[in-house]
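Take a look at the letters that make up each chain.
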Amino acid sequence: MTIAEFKTACSVIEQEYKNKIAAATTSAEVEDLRVAALGRKGALTELLKGLKDFSIEEKKEAGPLGNALKASLTAALDEKTAFFAAQEINNELNKVDLDLTLPGYPVAKGHKHPLSVAQDRMTTILAHLGFEWAEGPWVEDEKHNFDLLNVPQHHPARDAQDTFFVDTKMPLVLRSHTSNVQSRYMEKHKPPLRIMAPGRVFRNDSLDATHSPVFHQIEGLYVDKNVSLADLKSDLTAFMKGLFGNKAEIRFRPSFFPFTEPSVEVDVKCVFCQGKGCNVCKGNGWIEMLGAGVVHPNVLKNCGIDPNEFSGYAFGMGVERLAMMMLNIKDIRAFYENDVRLLKQF
Ligand code: PHE
């Protein structure tokens, strides 16, 4: 074969197969043509076998021609294959009565869990009052959960009856309150500091209408020069007004926590009866909401802050308790049972 004959053969093959491809009426026919043209015994392969008799110079001319022919036939075959594939889809679509202008089915949207709603509202108000978000671990050492917070070794809260111990050989507990964030934060940050620490806490209680072994608290801590009980009262009043409206009132009752001195229990005037007494406040007119107090000097000292220079207040409130009050839910278990009939209402 001469080079001239090779060129002629190329254009003959190209013409022949382009015609056949154009005339093909099924995708199977196209595949047969692919084998006949480009397959191991196909026309192009046979033609290229003749290359071996050419001189180097001739090969340099013939090689690219062979490649171009292969590319051109492949493109024509692929185009026809795609054409039949599209035709097949269209045929299928034409079989069904499809109205592409119909609107889709609405997707059922979920919403936040009532506890998240309550926690969001509380932290939003605290953020407006200047509290920064802080967090601490759920699995905590006794040092941060108790020791640094001035809780003595013999305190009943340190008993396995109240607190979950992770391992008897290690001083690790599931934190029994969010106050561990106080010690964690004060170790690393020096005053002025003002933080809120929302999160899960754990106590060795069995589940009933008012108790749960897992619940949520929000801790507040403010340390600066000259912080007093008066700051606590005004800030908590502002917080409760934010939560329950401008008429909200709070009162302090003396209490005890190892990490605050003095310590107080904070009550809110019942928002359902404005203090007159109803079934929510059990006739008291007031509802117990949270524990708080002035940070004990030992706690500041333990965390490396000079109690002669700084003072602070701290509070810890239960999210479930506030949520039950806000939403008038009587049983704490309602939050954990995931009964959509209940969740849908909020
Ligand atoms: N940690 C206390 C509790 O869980 C609440 C509290 C926090 C009291 C901060 C005083 C100061 O009951």
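Attention here is on the structure that accompanies the text. The shown structure was predicted, so the numbers you read here are calculated from the model rather than taken from an experiment.

What counts and how
Numbering of residues begins from 1 in every chain and follows the order in which that chain's sequence is written. Residues qualify for local features only when their pLDDT is at least 70, as the model is predicted, and side-chain atom pairs are given and counted only at 80 or more; totals for whole chains, interfaces and linings, by contrast, use all residues. Just so you know, side-chain values use all the structure's heavy atoms and leave hydrogens and water out. Comment: elements are numbered from the N terminus, with helices defined as DSSP H or I runs of at least four residues and strands as E runs of at least two. Taken over C-alpha atoms, the radius of gyration is set against a globule rule of 2.2 Å times the number of residues to the power 0.38. The contact criterion used is simple: two residues touch if any of their non-hydrogen atoms lie within 4.5 Å. Only the protein chains shown count as covering a residue, and every accessible area follows the Shrake-Rupley method with a 1.4 Å probe. Residues counted as positive are Lys and Arg, residues counted as negative are Asp and Glu, and His and the chain ends are not counted. One atom stands in for each charge, and that atom is NZ of Lys, CZ of Arg, CG of Asp or CD of Glu. Here a salt bridge means any side-chain nitrogen of Lys or Arg lying within 4 Å of a carboxyl oxygen belonging to Asp or Glu. Type-normalised accessible area, obtained with a 1.4 Å probe on protein chains alone, sets the label of each residue: buried when under 20%, exposed when over 50%, and partly exposed for intermediate values. Any residue with a heavy atom positioned within 4 Å of a molecule or strand is treated as near that molecule or strand. Polar contact criterion, stated in full: a pair of N or O atoms within 3.5 Å, where within protein one must be able to donate a hydrogen and the other to accept it, and residues adjacent in sequence count only if both atoms are side-chain atoms. Polarity classes work like this: nonpolar for Ala, Val, Leu, Ile, Met, Phe, Trp, Tyr, Cys and Pro, charged for Asp, Glu, Lys and Arg, and polar for all others, with Gly in that last group. Should DSSP find at least two bridges between two strands, the strands are taken to pair. The axes are straight lines fitted to the C-alpha atoms, using for helices just the contacting stretch, and the angles between their N-to-C directions are given from 0 to 180°. Here is the rule for angles: anything less than 35 degrees is roughly parallel, anything more than 145 is roughly antiparallel, 65 through 115 is roughly perpendicular, and the remaining ranges are oblique. It is the rotation of the near helix from the far one that decides the hand of a crossing: anticlockwise by less than a right angle makes it left-handed, clockwise makes it right-handed.

Let's talk about the overall build of the protein
- Regarding its fold elements, the protein presents eleven helices and ten strands.
- Expected size for 346 residues packed as a compact globule is a radius of gyration near 20 Å; at 39 Å, the protein overshoots this value by more than 25%.
- For the protein, the C-alpha atoms occupy an extent of roughly 110 × 55 × 40 Å along the three principal directions.
- Long-range contacts, defined here as pairs at least 24 residues apart, represent 67% of the contacts in the protein between residues at least 6 apart.
- A total of about 19500 Å² of accessible surface is found on the protein, and carbon and sulfur atoms cover 55% of it.
- Side-chain charges in the protein split into 41 positive and 45 negative, and the spacing between the mean points of these groups amounts to 3 Å.

What to know about the pattern of salt bridges
- If you walk through the whole model with that rule in mind, you get 22 salt bridges.
- Between K20 and E16 there is a salt bridge, with the nearest N and O atoms lying 2.9 Å from each other. A residue pair is termed a helical-turn pair when its members lie 3 or 4 positions apart in one helix, as K20 and E16 do in helix α1 (residues 3–23) at four residues.
- Given the relative accessible area of 33%, E16 is considered partly exposed.

Quick notes on the site of the ligand
- Close to the ligand lie 14 residues; H177, S179, R203, Q217 and G316 are nearest.
- Note that an oxygen atom of the ligand is positioned 3.0 Å from one of the side-chain N or O atoms of Q217.
- Here the ligand loses 90% of its free accessible area of 320 Å² to cover by the protein chains.
- Of all the secondary-structure elements, those providing two or more residues to the shell around the ligand are β6 (214–224), β9 (286–295) and β10 (311–318).
- If you tally residues by element for the shell around the ligand, the top one is β10, at three residues.
- When grouped by side-chain class, the residues that make up the shell around the ligand number five nonpolar, seven polar and two charged.

Brief notes about the sheet that holds β9
- Taken in spatial order, the seven strands make up an open sheet running β1-β5-β6-β10-β9-β8-β7, and their pairing is mixed. A strand with exactly one partner marks an edge of an open sheet, and here the two such strands are β1 (132–133) and β7 (250–257).
- The pairing of β9 with β10 spans five bridges and is antiparallel. Among the inter-strand pairings, V294 is bridged to a residue of β10, identified as Y313.
- In the packing of helix α7 (residues 180–188) onto the sheet, contacts are made with β5 (193–202), β6 and β10, and the angle to β5 comes to roughly 140°.

Remarks on the packing of helix α5 (residues 114–128) against helix α8 (residues 229–244)
- Between α5 and α8, the shortest axis-to-axis distance is 10 Å and the interhelical angle comes to 135°. By the angle class used here, α5 and α8 are oblique. As α5 runs across α8, the sense of the crossing is right-handed. Residues R121, M122, I125 and L126 of α5 touch α8, and the partners they reach there are F239, G242 and L243.
- Each residue belonging to the contact of α5 with α8 can be placed in one class, and the counts come to five nonpolar, one polar and one charged.

Here's the deal with the sheet that holds strand β4 (residues 172–174)
- A sheet is described by the order of its strands in space; here three strands give the open sequence β2-β4-β3, paired in antiparallel fashion. Edge positions in the sheet fall to β2 (139–141) and β3 (165–167), since each has one partner strand and no second. Between one strand axis and the next, the sheet turns by 40° as a mean value, whatever way the strands run.
- Relative to β4, β3 runs antiparallel, the two being bridged by two bridges. Residue pairing for β4: D167 is matched across the bridge by L172.

Points about helix α10 (residues 319–327)
- Taken together, the buried positions of α10 are occupied by V319, E320, L322, A323, M324 and M325.
- Packed against the buried residues of α10 are α5, β6, α8, β9 and β10.
- Where α10 ends, the next residue or the one after it, N328, has phi of about 55°, a positive value.

Some points on the environment of E79
- Summarising the element assignment, E79 is placed in helix α4 (residues 56–95).
- Assessed through its relative accessible area of 61%, E79 is described here as exposed.

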